[in-house]
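Examination of the molecular architecture
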Amino acid sequence: MGKTYERIDGRLRTFIEEQPLFFTATAPLSGDGTVNLSPKGLKGSFAVLDERTVAYLHFAGSTAETIAHLRENGRITLMWCAFQGPPTIMRVHGRGEPVFRDDPRFPDLLAHFPEIDPGLHGLRAVVVVHAELVRDSCGYAVPYMAYEAERDLHAKRFSREDDASLDAYFTKKEHIATSLDGLPGLPLPLPPSTV
């Protein structure tokens, strides 16, 4: 039976921080807009900032749907599944905001991710999520799966880029500056990093 929690602390925080994978879900306000669901990984790219606030690093990828939806309406759900141990699913429903590289808050937020070299992954933003509803559920149907290792492909691909080449890459790709539904996505030219 699912329960609702006032805050992300104790075993909830431990559970979230131990998972190597989580998912983000966002959608535009338009009823016929594209719902987006994205897997997120990379050890050290997620942080619990306080008992009602979490953040994750938003790296270069194939589109910028999450950023576009957050810029439009801020709605986001994060979900973690236990693929090992007791069956658990945890969701944080809340309001998210992409904090871009030229934002004065960016360096302080980046300090919460000491294991990550921001130059290796084409870092676009830090997404900060303020929890409005924290819930768990059983996860009885989630299969057991073993975590083997992090993939090194993302770092290999984007560590070759500097700000200028990243900007060129983002500019030529479809659905980076504008979402699938025509919403503003990643601000281009790429904001310079404040770190």
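This report concerns the structure included in the present document.

About the thresholds
- Residues numbered from 1 in each chain as written.
- Predicted model: local features only at pLDDT ≥ 70, side-chain atom pairs only at ≥ 80, totals over all residues.
- Heavy atoms only, no water.
- Helix = DSSP H or I, 4+ residues; strand = E, 2+ residues; numbered from the N terminus.
- Contact = heavy atoms within 4.5 Å.
- Buried < 20%, exposed > 50% of the residue type's maximum accessible area, 1.4 Å probe, protein only.
- Arc of directions from axis to C-beta.
- Polar contact = N/O pair within 3.5 Å; in protein donor to acceptor, adjacent residues only side chain to side chain.
- Core = buried A, V, L, I, M, F, W, Y, C linked by side-chain atoms within 4.5 Å.
- Pairing = 2+ DSSP bridges.
- Salt bridge = Lys/Arg side-chain N within 4 Å of Asp/Glu carboxyl O.

**Looking at unusual backbone geometry**
In this structure, P189 follows L188 across a cis peptide bond, with omega equal to 5°. A positive phi angle is found at L42, which is not glycine, with a value near 85°. Note that L42 resides in the loop between β3 (36–40) and β4 (46–50). Despite not being glycine, H175 has its phi angle at roughly 65°, a positive value. Turning to its location among the elements, H175 is positioned in the segment after α5 (163–172).

**A short note on the environment of T178**
Counting through the fold element by element, T178 comes out in the segment after α5. It is 8.7 Å that separates the C-alpha atoms of T178 and T63, two residues lying 115 residues apart in sequence. When sequence neighbours within four positions are dropped, the list of residues in contact with T178 reads L183 and G185.

**So, helix α2 (residues 65–72)**
With six of its eight residues buried, α2 lies for the most part within the structure. Looking at the packing, one finds that the buried side of α2 touches β2 (22–26), β3, β5 (53–58), β6 (75–81), β7 (89–100) and β8 (125–137). Of the residues trailing α2, G74 is marked for its positive phi of about 80°.

**Remarks on helix α1 (residues 10–18)**
Structural remark: α-helix, 3.6 residues per turn; residues separated by three or four positions point the same way. What α1 keeps buried is the set L12, F15 and I16. Looking straight down α1, one finds its buried side chains confined to an arc of 95°; they lie on one side. In α1, the exposed residues that point more than 90 degrees away from the buried face are R11 and E18. Elements in contact with the buried residues of α1: β1 (3–5), β4, β6, β7 and β8.

**Details of the environment of R151**
With respect to the secondary-structure elements, R151 resides in the loop between β8 and α4 (153–158). Given a relative accessible area of 72%, R151 falls into the exposed group. C-alpha separation for the pair R151 and L42, spaced 109 residues apart in sequence, amounts to 8.0 Å.

**With respect to the side chain of E161**
As for its placement among the helices and strands, E161 is situated in the loop between α4 and α5. Separated by 2.6 Å, the side chains of E161 and R157 make a polar contact. There is a polar contact of 2.5 Å between the side chain of E161 and the side chain of S165.

**Observations regarding the nonpolar core**
Counting 21 residues, the largest nonpolar core has I8, F46, L78, W80 and V134 as its most contacted members. Breaking this core down by element, the ones donating at least two residues are α1, β4, β5, β6, β7 and β8. Here this core gets four residues from one element, more than from any other, and that element is β8. I8 has contacts with R13, I16, V48, E51, V54, V92, A131 and V134, leaving out every residue within four places of it along the chain. Membership of the second largest hydrophobic core comes to 13 residues, among which are F59, F106, I116 and V126.

**Observations concerning the pairing of β7**
The side chains of a regular strand alternate, residue by residue, between the two faces of the sheet. Here seven bridges tie β6 to β7, and the two strands are oriented antiparallel to one another. Its bridge partner being in β7, T77 is matched across the sheet by H93. Sheet analysis places β7 next to β8, joined by 12 bridges and oriented antiparallel. Bridge pairing in β8 links V92 to V134.

**Regarding the pattern of salt bridges**
Going through the model one piece at a time under the given rule, you end up with nine salt bridges. For D136, the salt bridge goes to R11, with nearest N and O atoms at 3.6 Å. With D136 in strand β8 and R11 in helix α1, this pair connects stretches of sequence that are 125 residues apart. With relative accessibility at 9%, the residue D136 sits in the buried group. Of the residues examined, R11 reaches a relative accessible area of 53% and is grouped as exposed. A salt bridge links R105 to E97, with the nearest nitrogen and oxygen atoms 2.7 Å apart. Given the relative accessible area of 38%, R105 is considered partly exposed. Via salt bridges that share partners, E97, D103 and R105 belong to a single interconnected network.

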